[in-house]
Each structure stands twice: as C-alpha cells, then as structure tokens.
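Structure at a glance
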Amino acid sequence: MSDVYNVRLEPVGVEFEVDEDETILDAAFRQGIALPHGCKEGQCSACKCVQLDGETEMLKYSTFALNDFEKDSGHILMCRAIAYSDVEIELLNFDEEVLSKSIPVKEFNGRVVDFEALTHDIRGVEVEIDTPLKFWAGQYVDITVTTENGEEITRSFSMANSPGEAQKLSFIIKKYPDGKFSNELDAGGIKTGATVKLSGPYGMCFRREDREGPVVLVGAGSGMSPVWSILHDQINSGEDRPILFFYGARTQDDLFKLDEIAELTKVNPSVEFIPVLSHADDDDSWKGERGFVHEVVDQRLKALDVDGEGDIYACGPPPMIDALTPVLFMNSFEMDRIFYDKFTPTSGSSAH
C-alpha cells in the first residue's frame, strides 16, 4: 500500500492529500483543487512555487521552466514534484475565483461521432463520452486515441461547445504538417466510431464572471475552439457587456463559421466580429481589416479608450500571443484581466 502525505498551500490555507507515486499537481487535480498550470510537463513554469517545508523529488523538467538558482533557493514545479513527506508550499500566483470554481479532473471513455473539414487545414471533431463532463468555457481535455495501426496518440484540445454538463464535446482542430492526430483523421487512421479516452477538464483560460468593461476575444487557427465556447457562454450569461471578437487568418479561405457568426451578431448587437487577414494584399474582394490581428486589436482598444477596463481571452499560436501581450500592457491591461492559451503543434497540454 502506497504512502499518503499531506500538502498545505499558503497563503490560501488549502490542504489535500498526495499519494507517493503521483505529482502534487495531479493530486490537486484529482481532488478538485485548480492550481496554476500550463503544460503539465515541466516546460512552462506556470506551476512554479516555493517549497517551505517537507521533502520532494523532481521528475525530469526543463531548466527554462526552473533554473538551477531557483531550484537551489527552494522553488519547485508542482507538475514534476513527487512528495516523500508532508509538504508545505507557498503559491507564487493564485486566483481565488479559480480555487472556488475547481472541478475534479476525471477519466472518460468515448468515441468519435463526427468529423468535418472546416477549411483546408481546420477540422471539426465531435466526441461522445460515456458520462457528462462538467467544464468552464475555455477549458480543455487530454484525448488519447489508438489509431488503426495500433499507435497511441495523446493530444490536448479545447472544447468549442458551451459549458455545463456535456456528454457530446465539439473540438476545432488545426492540421499541422507533422501533426499526428489531425493527419490520422485525414488519412483514415482515426475514423468515425474510433474509441477515445479523455482526461479533464484542465486550463486556466476560462470565462470570468461579473466583471466590468468589454469582453475582448482574440483567436487564430484552432484558437477558435475555446473562443467559440467563451463567446457563447458570455452571451448566455446575460451580462450587459460589449464583446469584441477578433479572428486572425491568412486569407478568406481560412475563415469559417461565417454564416453562424453573421446570425449570432444579428441577434446579439453587443457582439462585433472583426476578422483580420494577414495575406490579403492581392484580394480586392476583401473589404475587412488587413495586417496582423494584434495590430488591429491595438487600434480598436485605442479608439475605444478602454484604458485597461475589460477582460482579454486570447487563444492561438505562440507568435500571436507573444505579439499581443505588449499591446495589452501598452493599453493598461493588468495581468489579472488577461487570460491566454498558447496552441503549439507538439505533444503536451498546450498542443491543440
């Protein structure tokens, strides 16, 4: 029988148990305690904290996430830390609202029930699971599927459907040249009817409630998936807030869901959809915004003179997020009003 230790989190005073063979972060997830996290693989530093007392050992991690000086001064990564005694930890960043809205991470069995090509490199996938999954708009799950040739692939995808208790989950997935999951979908290695295992929900980029100012949604590629969920959840909340919905793409051929968006903005005049094309210089038929999406976000925020009021939800590839971040700071947004999810084509929790 494995040993069980106690973990105490300061300054919030939360306590939970951890088995000797699981990481501190996994133990928290299992018991419905949402701690700061990102990649869950020791690569991103989002779960970095200070170990005040106790004995832990770290699994393999990147020194970009935790350098030797930090390790020597008592810092650990909760996603890599295995406890060998009772442990006391000081959180470096935490969100009371996140802790109050925690949902235990669970395992689910399901199957692929639908698959469609939305553009040349964007796919829509629907998965039906055996029991309903509760999640907040913007969160994601880890999906494991076994291909026709027996290869097991695990990737993380954000739900596109509205949150709550859902038994059918919708995902918007970008196809990358070396993306095993999306390429197996196209090649028939993952067929409709394929069985899958899901784990979740995960993610800190979910809609916050009862705030002031506009809701600014910024997506690109498969970043449409969590943005679509947050958009509908915000509308359904009944909050009287303007919604600016930016979507960055290369050309008109990379835009999708346009009919649904047109109907949605017609019924909800508080929503403004602003597609931005980066490669439309030779397209005389395009009458919308041109350039990079972060540039247009900057122009609109300055024109509205929001001065840091509002909430930003940005989901898409790392270059978009990295370009957008200084724009938001220059428009006086504080970190507690900015929520983002970086999508990468590699394996791991941020691979969508």
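For the structure given in this document, a descriptive report is provided here. (Residues numbered from 1 in each chain as written. Predicted model: local features only at pLDDT ≥ 70, side-chain atom pairs only at ≥ 80, totals over all residues. Heavy atoms only, no water.)

On inspection of all chains with the given rule, the structure shows seven aromatic pairs. Pairwise contacts between aromatic rings join Phe-29, Tyr-140 and Tyr-202 into one cluster. The ring of Tyr-176 has Lys-174 lying over it, and the distance from NZ or CZ to the ring centre is 5.9 Å. Lying across the ring of Phe-206, Arg-208 places its NZ or CZ 4.1 Å from the centre. (Phe/Tyr/Trp six-rings, centres within 6.5 Å; stacked < 30°, edge-to-face > 60°. Lys NZ or Arg CZ within 6 Å of the ring centre and 35° of its normal.)

This next bit is on the sheet that holds strand 15 (residues 243-249). With respect to topology, six strands assemble into an open sheet ordered 17-16-15-14-18-19, the strand pairing being parallel. The strands lining the two open edges of the sheet, one partner per strand, are strand 17 (289-290) and strand 19 (338-342). Where strand 16 (residues 271-277) lies against strand 17, two bridges are found, and the strand directions are parallel. Looking at the pairing, Leu-277 lines up with Arg-290 of strand 17. Strands strand 15 and strand 16 of the sheet are contacted by helix 6 (residues 258-267), whose axis makes an angle of about 150 degrees with strand 16. Helix 7 (residues 293-304) contacts strand 14 (215-220), strand 15, strand 16 and strand 17 of the sheet and is inclined by roughly 155 degrees relative to strand 15. (Pairing = 2+ DSSP bridges. Helix = DSSP H or I, 4+ residues; strand = E, 2+ residues; numbered from the N terminus. Contact = heavy atoms within 4.5 Å. Axes fitted to C-alpha atoms, helices over the stretch in contact; angles between N-to-C directions.)

Moving on: a nonpolar patch on the surface. On the surface, Phe-329, Met-335 and Tyr-340 cluster together into a nonpolar patch covering about 310 Å² of accessible area. Along the chain, the position of Tyr-340 falls in strand 19. (Patch = residues over 30% accessible without salt bridge, like charges linked within 9 Å, V, L, I, M, F, W, Y side chains within 5 Å. Areas by Shrake-Rupley, 256 points an atom, 1.4 Å probe, with all protein chains shown as cover. Salt bridge = Lys/Arg side-chain N within 4 Å of Asp/Glu carboxyl O.)

Under the defined criterion, the tally for this structure stands at zero disulfides. Cys-205 takes part in no disulfide bond, and the closest cysteine sulfur to it belongs to Cys-315, at a distance of 4.0 Å. (Disulfide = S-S within 2.5 Å.)

Inspection of the secondary structure assignment puts Arg-241 in the loop between helix 5 (224-237) and strand 15. Relative accessible area serves as the criterion here: at 5%, Arg-241 is assigned to the buried category. Among all residues touching Arg-241, those that are not within four sequence positions of it are Arg-211, Glu-212, Gly-213, Pro-214, Val-215, Gln-234, Ser-270, Gly-310, Asp-311 and Arg-337. (Buried < 20%, exposed > 50% of the residue type's maximum accessible area, 1.4 Å probe, protein only.)

Here we take up the side chain of Ser-225. Along the chain, Ser-225 falls in helix 5. For Ser-225, the side chain forms a polar contact with the main-chain oxygen of Ser-158, separated by 2.7 Å. Excluding anything up to four places from it in sequence, Ser-225 contacts Ser-158, Met-159, Ala-160, Ser-170, Phe-171 and Ile-172. (Polar contact = N/O pair within 3.5 Å; in protein donor to acceptor, adjacent residues only side chain to side chain.)

Attention now moves to the nonpolar core. Among the nonpolar cores identified, the biggest contains 30 residues, and Leu-9, Phe-16, Ile-24, Leu-35, Met-78 and Ile-89 are the most heavily contacted of them. Of all the secondary-structure elements, those providing two or more residues to this core are strand 1 (4-10), strand 2 (14-19), helix 1 (24-30), strand 5 (75-77), strand 6 (81-83) and strand 7 (87-91). Looking at which element gives the most residues to this core, the answer is helix 1, with five residues. Aside from chain neighbours lying at most four places away, what touches Ile-24 is Val-7, Phe-16, Val-18, Thr-56, Ile-76, Met-78, Ala-81 and Ile-89. With 29 residues, the next largest nonpolar core counts Ile-243, Ala-249, Phe-273 and Trp-286 among its residues. (Core = buried A, V, L, I, M, F, W, Y, C linked by side-chain atoms within 4.5 Å.)

Moving on: the pairing of strand 11 (residues 152-158). Most of strand 11 sits out of view: five of its seven residues are buried. Pairing between strand 10 (residues 140-146) and strand 11: seven bridges, direction antiparallel. Within strand 11, the position partnered with Thr-144 by the bridge is Thr-154.

All right, on to the packing of helix 7 against helix 8 (residues 318-330) then. Where helix 7 contacts helix 8, the axes come no closer than 9 Å and their chain directions differ by 20 degrees. Regarding the angle of helix 7 to helix 8, the classification is roughly parallel. For the pair helix 7 and helix 8, the crossing hand works out as right-handed. When helix 7 is examined against helix 8, the residues Val-293, His-294, Val-297, Asp-298 and Leu-301 are found in contact with a partner set consisting of Met-320, Ala-323, Leu-324, Val-327 and Leu-328. Grouping the constituent residues of the contact of helix 7 with helix 8 by class yields eight nonpolar, one polar and one charged. (Parallel < 35°, antiparallel > 145°, perpendicular 65-115°, else oblique. Left-handed = near helix turned anticlockwise from the far one by under 90°. Nonpolar A, V, L, I, M, F, W, Y, C, P; charged D, E, K, R; others polar.)

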